[in-house]
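# Secondary and tertiary structure notes
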Amino acid sequence: MTERTAEYPPLSETQRATSMSSFDLAELVGSAELTRITDFASALCEAPISLVSIVEAQRQWFPARTGLDVSETPRETSFCAHAMGGTDIMIVPDATQDSRFLDNPLVTGEPHIRFYAGAPLVADDGIQIGALCIIDRLPRAGLTPLQHEGLVLLAANIMALLSARRASHRTDREREEQETKFRVLADAMPQMVWSTLPDGFHDYYNARWYEFTGMPPGSTDGEAWNGMFHPEDQAHAWSVWRHSLETGEPYEIEYRLRRADGVYRWTLGRAMPIRDRDGSITRWFGTCTDIHDQKMIQVQKEIVAHELSHRIKNIFSVVTGLISFSTRAHPQMKAVADDLRDRILALGRAHDFVRPHSEASKPATMQDSLAGMLGALLEAYSGRFEIVGDDAMIDDRSATPLALLFHELATNAAKYGALSTSEGAIRITIATSDEHVQIEWQENGGPVVSRPGHEGFGTRLIELSAIRQLGGQVEREWRPEGLRLGVRFPTTSLNR
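Nothing here was measured: the structure is a model prediction, and the numbers come from that model. (Residues numbered from 1 in each chain as written. Predicted model: local features only at pLDDT ≥ 70, side-chain atom pairs only at ≥ 80, totals over all residues. Heavy atoms only, no water.)

### Quick look at the overall build of the chain
Secondary structure assignment for the chain yields 14 helices and 16 strands. For the chain, the residues scored as buried account for 43% of the 496 residues in total. Partitioning the contacts of the chain with sequence separation of at least 6, the portion at a separation of at least 24 is 58%. As displayed, the chain has an accessible area near 25500 Å², and 53% of this comes from carbon and sulfur atoms. (Helix = DSSP H or I, 4+ residues; strand = E, 2+ residues; numbered from the N terminus. Buried < 20%, exposed > 50% of the residue type's maximum accessible area, 1.4 Å probe, protein only. Contact = heavy atoms within 4.5 Å. Areas by Shrake-Rupley, 256 points an atom, 1.4 Å probe, with all protein chains shown as cover.)

Here it is as C-alpha cells:
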C-alpha cells in the first residue's frame, strides 16, 4: 500500500464521514469483486475468516466477508479501527495476550478472535476508511512473506476500486490496472495458478503455468488442460473435476503433468470455489504444485524399506536352516532346537505381517492391527481360538515382543493346556483406552492345570517380552477350567 506522510493531518469524525460519503460505500454491500478478494485472502493466508471492514463513527460493517455471518459490529469492539491508523499490516498474534483486546467481546465470544492481521484501507489523500483483515480462531506467530505481500496487494486492489467509485466511473484502464495487480500477485507465486468460470471453463492461467508447460498463452483454455496430463491420469482427473463441479466440493488430485521438455512430473492439483452471498459459485481458483521430487523420495524410501525387510526375512530363513543343520550333527539337542526354531518362525510371521508390502502381497488385515497380527501368528491353531473386543494399533517395534509372548503362550497351551486336547479352545479379549491396552488370554476345555512348582524359561521369556520390553504388567491365574493370563500395556508402547 502507498505509505502515508505527515502532509495529511488526522481528520475529525465529522470531516471523515463527509469525505467517506463521496465513495458511495453503501453500494458495495455484497460486492462480488470484494468477495473474491476476501475469498482469495482467506485461501492465501489459510484463515477461516476474511473481511473488508468499513469503519464509521459508531459501527464497522462488512461489504464483503468470508467465513462470517455477522454484517456489522460496534466500533468500540473493532480491531480494524486500530489497523486503519497504521501504515503497514497490523498483526495481533494472540488477542488474549494483548491488553487492547483481551476483554473484547469478539475475543471472549463469537467469533473468538485469536490471530488478527489487518491491512489499512487509506485513500491517497489520507482518508482512513477501514481495513482488509484475516482472522483465525487460533494464535499464530505471524504471516509468511508471501502472505504479507499478498494482503498488501489485495488491500491496494480494494483502494483502487474505491478510488474509481469516488471518481464516479470505472474506465477500462482502471479495471485493467486492478486485474494487473492480481496477475502480479499470481505471477509472483511459485505455484501454477488457474481460474475457471462456474461451469469449469478454464479462462485464466498465471505465467508459471505457461512457463512450466511451454504452451502458448490461451492454448489450454476451456477443456484443453486435460491434454497436458499423462494419458493414464486423464480419465481420473476428469472424473474428480466433474465431481467437484457437480457438488461444489474442493478439488484435490495428484497427477502427472507434462513439462515443456516432454517429461511428466507428479503434480498436486487443488481448487476452491468462490461463492456469492447467495451461495452460488462465481468462480473456481486453483493451483498446481510440483511434488515430483517428494514423490520420488517417497518411492525410494519404500524401495529401501522393501529391500531391508526382504533381507531380514532371508535372515530368519538362514537362521532356521542353520538350526536344522546343527541338529543333524547333534540329535540330542533336537528338542531345544525345535523350540528355538519355532520361536524364530513366530518372529518371522510377526515381521512379515508388519513389514512393507506391495499391493499384491500385503495382508488382508491392516498392518497396524493387533488382532490381525495375532490372527497371522496363531493361524496354525485356526478354529481353536477366537479374538474378541476392541482392536489396538501396533508397529514394527512392538510386533517382535508381542510375537514372542503369544507364541510362548500358544506353545505352552499345546503342550500342557487347552490346545493339548481336542475339546480345548482359547479366547483372547482386547480392551483399549486412551492410555492402556488390556489383553486377556483365557484357556478352556483343557486338562486341569495348577501353578508350576518352579519358574521355567517360558515364564521368563513372557516377562522379558511383556514387562521389560513393553513396560507391561502380567497377572496369571491357574483356574480349574484353564490358565487365565492378563497383560496390560501402555498404549504408547505398542504404537509409537
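Let us keep going from here.
### Points about the sheet that holds strand S2 (residues 59-66)
The sheet built from 6 strands is open, its strands ordered S3-S2-S1-S6-S5-S4 with antiparallel pairing. What marks the edges here is a single partner per strand, and that holds for strand S3 (72-74) and strand S4 (90-92). Direction aside, the axes of adjacent strands within the sheet are offset by 25° on average. Note: S4 against strand S5 (residues 115-122), 3 bridges, orientation antiparallel. Considered in S5, the bridge of Val 92 is made with Tyr 116. Against the sheet, helix H1 (residues 13-21) contacts strand S1 (49-55) and strand S6 (128-136), and its axis sits at roughly 85° relative to S6. (Pairing = 2+ DSSP bridges. Axes fitted to C-alpha atoms, helices over the stretch in contact; angles between N-to-C directions.)

### Brief notes about helix H12 (residues 396-415)
Look at H12: 29 Å from first C-alpha to last across 20 residues, which is about the 28 Å you get at 1.5 Å a residue. Where burial is concerned, most of H12 is hidden: 14 out of the 20 residues are buried. If you check the start of H12, you find a side-chain oxygen 3.0 Å away from the backbone N of Ser 398, and it comes from Asp 395. (Expected span 1.5 Å × (residues − 1). Polar contact = N/O pair within 3.5 Å; in protein donor to acceptor, adjacent residues only side chain to side chain.)

### Topic: the side chain of Thr 73
Turning to its location among the elements, Thr 73 is positioned in strand S3. Dropping the residues within four chain positions of it, Thr 73 is found in contact with Arg 59, Gln 60, Phe 62 and Leu 106.

### With respect to the packing of aromatic side chains
One pass over the structure, following the stated rule, counts 13 aromatic pairs. Pairing Phe 79 with Phe 101 gives two aromatic rings, centres 4.0 Å apart and planes at 10°, and the pair type is stacked. You can see Phe 79 sitting in the loop between S3 and helix H3 (80-83) and its partner Phe 101 sitting in the loop between S4 and helix H4 (105-108), a full 22 residues away along the chain. You'll find Phe 79 and Phe 101 in the same group, each marked buried. Where Trp 194 meets Trp 241, the ring centres are 5.6 Å apart and the plane angle is 85°; that geometry is what we call edge-to-face. (Phe/Tyr/Trp six-rings, centres within 6.5 Å; stacked < 30°, edge-to-face > 60°.)

### Comments concerning the sheet that holds strand S8 (residues 202-205)
Across the sheet, 5 strands lie side by side as S8-S7-S11-S10-S9; this open sheet has antiparallel pairing. Both outer strands of the open sheet, S8 and strand S9 (251-258), are each paired with one neighbouring strand and no more. Going from strand to strand, the sheet's axes swing by 25° on average, the running direction of each strand aside. Sheet analysis places strand S10 (residues 264-275) next to strand S11 (residues 281-290), joined by 9 bridges and oriented antiparallel. Residue pairing across strands places Ala 271 opposite Gly 286, the latter belonging to S11.

### Brief notes about the pairing of S2
Along any regular strand, the residues point their side chains to alternate faces of the sheet. Across the 8 residues that make up S2, a large majority, 6, are buried. Bridging between S1 and S2 involves 5 bridges; their strand directions are antiparallel. Looking at S2, one finds that Ser 50 is bridged to Thr 66. Turn length for the S1-S2 hairpin, with the two strands adjacent in sequence and antiparallel, is 3 residues. The pairing of S2 with S3 spans 3 bridges and is classified as antiparallel.

### Re the nonpolar core
Among the nonpolar cores identified, the biggest contains 41 residues, and Leu 25, Ile 129, Leu 132, Ile 134 and Leu 151 are the most heavily contacted of them. Elements supplying a minimum of two residues to this core: helix H2 (32-45), S1, S2, S5, S6, helix H5 (145-166) and helix H6 (172-188). Take this core: its biggest share by element is 8 residues, from H5. In this view, Ile 129 contacts Arg 16, Met 20, Phe 23, Leu 25, Ser 53, Ile 54, Val 55, Met 84, Leu 121, Met 159 and Leu 162; residues no more than four positions away in its chain are not counted. With 30 residues, the next largest nonpolar core counts Met 373, Ala 392, Ala 418 and Trp 441 among its residues. (Core = buried A, V, L, I, M, F, W, Y, C linked by side-chain atoms within 4.5 Å.)

### A short note on the pattern of salt bridges
Applying the stated criterion across every chain, the model contains 16 salt bridges. Among the ionic pairs, Glu 72 bridges to Arg 59, the shortest N-O distance being 2.7 Å. Residue Glu 72 is found in strand S3, and its partner Arg 59 is found in strand S2; the two are separated by 13 residues along the sequence. Looking at Glu 72, the relative accessible area reads 38%, which means it is partly exposed. Take Arg 59: its relative accessible area is 28%, and that puts it in the partly exposed class. (Salt bridge = Lys/Arg side-chain N within 4 Å of Asp/Glu carboxyl O.)

### Description of the confidence of the model for the chain
Taken over all residues, the pLDDT of the chain has a mean of 81, while the share at 70 or more is 80%. Least confident of the elements in the chain is helix H10 (residues 334-354), whose mean pLDDT is 57; most confident is S4, at 96. (pLDDT = per-residue confidence, 0-100.)

### Some words on the side chain of Thr 66
Relative to the helices and strands, Thr 66 is located in strand S2. Polar side-chain contacts of Thr 66 include one of 2.5 Å to the side chain of Asp 39. Sequence-distant contacts of Thr 66, that is, excluding residues within four places in its chain, are made with Thr 35, Thr 38, Asp 39, Ser 42, Pro 48, Ile 49 and Ser 50.

### Regarding the packing of H2 against H5
Across the interface, H2 lies against H5 with an axial gap of 10 Å and an inter-helix angle of 175°. In terms of axis orientation, H2 runs roughly antiparallel to H5. Where H2 abuts H5, its residues Glu 33, Leu 34, Ile 37, Phe 40, Ala 41, Leu 44 and Cys 45 lie against Leu 146, Gln 147, Gly 150, Leu 151, Leu 154, Asn 157, Ile 158 and Leu 161. In terms of residue class, the contact of H2 with H5 is built from 11 nonpolar, 3 polar and 1 charged. (Parallel < 35°, antiparallel > 145°, perpendicular 65-115°, else oblique. Nonpolar A, V, L, I, M, F, W, Y, C, P; charged D, E, K, R; others polar.)

### Observations regarding unusual backbone geometry
Omega for the bond connecting Glu 110 with Pro 111 falls within 30 degrees of zero, at 5°, which places this linkage in the cis form. We note that Glu 46 has phi near 55°; this positive angle belongs to a residue other than glycine. Along the polypeptide, Glu 46 turns up in the loop between H2 and S1. On the basis of relative accessible area, Glu 46 is assigned to the exposed category, the value being 66%. Residues other than glycine seldom take positive phi values, yet His 112 does so here, at roughly 55°. Within the secondary structure, His 112 is located in the loop between H4 and S5.

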